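Close look at the chain arrangement
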Amino acid sequence: MKIDFHVHTNRSIDAVPSPRLVVKHAKKLGLNAIAITDHNRLFPHHEAQRLSREFGLLVIPGMEGGNIAVRKHWIALGVSRPFESHSIDTVLSFIRHEGGVSVAPHPHARLGYANYADLGFDAVESLNGSEPLANTLVRNTKNMPELGGSDAHALPMMGHTWTRVEADGTLDSVLEAVRSGRCTPSGTTVPFLDFLRFYPLYVRHRILGEPREAISRACRVIREIRALGTGESSCTAVEYPRIQGEQHPSP
Ligand SMILES: [Zn+2]
Ligand SMILES: [Zn+2]
């Protein structure tokens, strides 16, 4: 199977397309599955199943945790309850308890866990499409399952980075294949020109298209950064942004 394990939708504060557009585009690109991993927001199982049925590819419910601008990030795949904790040990225990798979995304970037192997992550994102320089130290240096994910925040960023997985198409088989290392990062990082196409799309849809929400999002991020500075962060999964997504027009 050809799977992109790291895709954002407009349920993240910094991404453009709706979940439906993302899944539709993934199908067009020939992917067999994608994981929707929005910042601090778990993609609901029932919605993943509905989109899977509609477009004929597996949609894996996931989330990317950690403060979007400041703290270390982690990815949970296949869990059914949202959660957040300042303790990475608690996070990884929770994911394991829920039967999910934990992934250390962009581990050598500023927002990654460089000590991912010692912490006990199930897999490492050794190929992150949007952080090419952050991944040069990862490949083949650790004996743990490796994944590739685009970290796409707009449609042109998809389709360049993925993972080859030996699985039969069900969510359980994909999670099991990752745990046992039957997965290989494939493709390349996002070409620079496609990466740049994110910015006009973001301005058009997420700033000019919803100016009030854009201001409130900016204020919230500033508050979170300040709160982290004082050790009083209130960043939790349930506080992160309300959904504007389905209103965007189809391409
Ligand atoms: Zn991240
Ligand atoms: Zn991400």
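Residues numbered from 1 in each chain as written. Chains lettered and ligands numbered in written order. Predicted model: local features only at pLDDT ≥ 70, side-chain atom pairs only at ≥ 80, totals over all residues.

**Looking at the overall build of the chain**
What the chain contains, in helices and strands, is eight helices and nine strands. Relative to its 251 residues, the chain shows a buried fraction of 47%. Residue pairs in contact within the chain that sit at least 24 positions apart in sequence constitute 62% of those at least 6 positions apart. (Helix = DSSP H or I, 4+ residues; strand = E, 2+ residues; numbered from the N terminus. Buried ≥ 20, exposed ≤ 12 C-beta atoms within 10 Å, placed from the backbone. Contact = placed C-beta atoms within 7 Å.)

**Comments concerning the nonpolar core**
The biggest cluster of nonpolar side chains holds 54 residues, and the ones touching the most others in it are Ile34, Val59, Ile60, Val103 and Val174. With sequence-adjacent residues up to four places away left out, Ile34 is seen in contact with Ile3, Asp4, Val7, Val22, Val23, Ala26, Val59 and Ile60. (Core = buried A, V, L, I, M, F, W, Y, C linked by C-beta atoms within 7 Å.)

**Points about the environment of Pro191**
Relative to the helices and strands, Pro191 is located in the loop between strand 9 (183-187) and helix 6 (192-196). Distance from Pro191 to Ser130, taken between C-alpha atoms, is 9.0 Å for residues 61 residues apart in sequence.

**Side note on the packing of helix 1 (residues 19-28) against helix 2 (residues 45-55)**
Relative orientation of the contacting elements helix 1 and helix 2 amounts to 40 degrees, with a least axis distance of 10 Å. The pairing of helix 1 with helix 2 is recorded here as oblique in orientation. The hand of the helix 1/helix 2 crossing is right-handed. Here Pro19, Arg20, Val23, Lys24 and Lys27 of helix 1 lie close against helix 2, whose contacting residues are Glu47, Leu51 and Phe55. In terms of residue class, the contact of helix 1 with helix 2 is made up of four nonpolar, no polar and four charged. (Axes fitted to C-alpha atoms, helices over the stretch in contact; angles between N-to-C directions. Parallel < 35°, antiparallel > 145°, perpendicular 65-115°, else oblique. Left-handed = near helix turned anticlockwise from the far one by under 90°. Nonpolar A, V, L, I, M, F, W, Y, C, P; charged D, E, K, R; others polar.)

**Examining the sheet that holds strand 6 (residues 123-128)**
Ordered by their spatial adjacency, nine strands build an open sheet running 7-6-5-4-3-2-1-8-9, and the pairing between neighbours is mixed. Unpaired on one side and paired on the other, strand 7 (146-149) and strand 9 mark the two borders of the sheet. Pairwise comparison of adjacent strand axes, ignoring direction, gives a mean angle of 30 degrees for this sheet. Where strand 1 (residues 2-7) lies against strand 8 (residues 161-165), two bridges are found, and the strand directions are antiparallel. When the sheet's bridge partners are listed, Lys2 is paired in strand 8 with Arg164. Sitting on the sheet, helix 1 touches strand 1, strand 2 (33-39) and strand 3 (58-65), and the angle it makes with strand 2 is about 150 degrees. Sheet strands in contact with helix 3 (residues 88-97) are strand 3, strand 4 (74-77) and strand 5 (101-104), and its direction is about 15 degrees off that of strand 4. (Pairing = 2+ DSSP bridges.)

**What to know about the pairing of strand 1**
Where burial is concerned, most of strand 1 is hidden: five out of the six residues are buried. Sheet analysis places strand 1 next to strand 2, joined by three bridges and oriented parallel. Along strand 2, the bridge assignment pairs Ile3 with Ala33. Viewed along the sheet, the connection from strand 1 through helix 1 into strand 2 turns out right-handed. (Right-handed = clockwise from strand over helix to strand, strands pointing away.)

**A short note on unusual backbone geometry**
Positioned with a positive phi, Asn40 is a non-glycine residue whose angle comes to about 55 degrees. Position of Asn40 among the secondary structure elements: in the loop between strand 2 and helix 2. Classification of Asn40 by C-beta neighbours within 10 Å gives buried; the count is 24. Positioned with a positive phi, His106 is a non-glycine residue whose angle comes to about 30 degrees.

**Brief notes about helix 5 (residues 171-179)**
For helix 5, the complete set of buried residues consists of Leu171, Val174, Ala177 and Val178. Along the axis of helix 5, the buried positions cluster into a sector of 130 degrees, meaning they face one direction only. Taken from the residues just after helix 5, Gly181 is the one with a positive phi, measuring 80 degrees. (Arc of directions from axis to C-beta.)

**Topic: the pairing of strand 4**
Looking along a regular strand, one sees side chains alternate from face to face of the sheet. The alternating pattern of strand 4 places Trp74 and Ala76 on one face and Ile75 and Leu77 on the opposite face, and all of these are buried. Taken together, the three bridges between strand 4 and strand 5 define a ladder with antiparallel strand orientation. The partner of Ile75 across the bridge, within strand 5, is Val103.

**Describing the confidence of the model for the chain**
With 87% of its residues at a pLDDT of at least 70, the chain reaches an overall mean of 86. Taken together, the stretch residues 231-251 has pLDDT below 50 and engages in 41 contacts with residues farther than four places along the chain or on a different chain. (pLDDT = per-residue confidence, 0-100.)

**What to know about the environment of Ser126**
Looking at the element boundaries, Ser126 is found in strand 6. Separated by 22 residues in sequence, Ser126 and Gly148 place their C-alpha atoms 6.2 Å apart.

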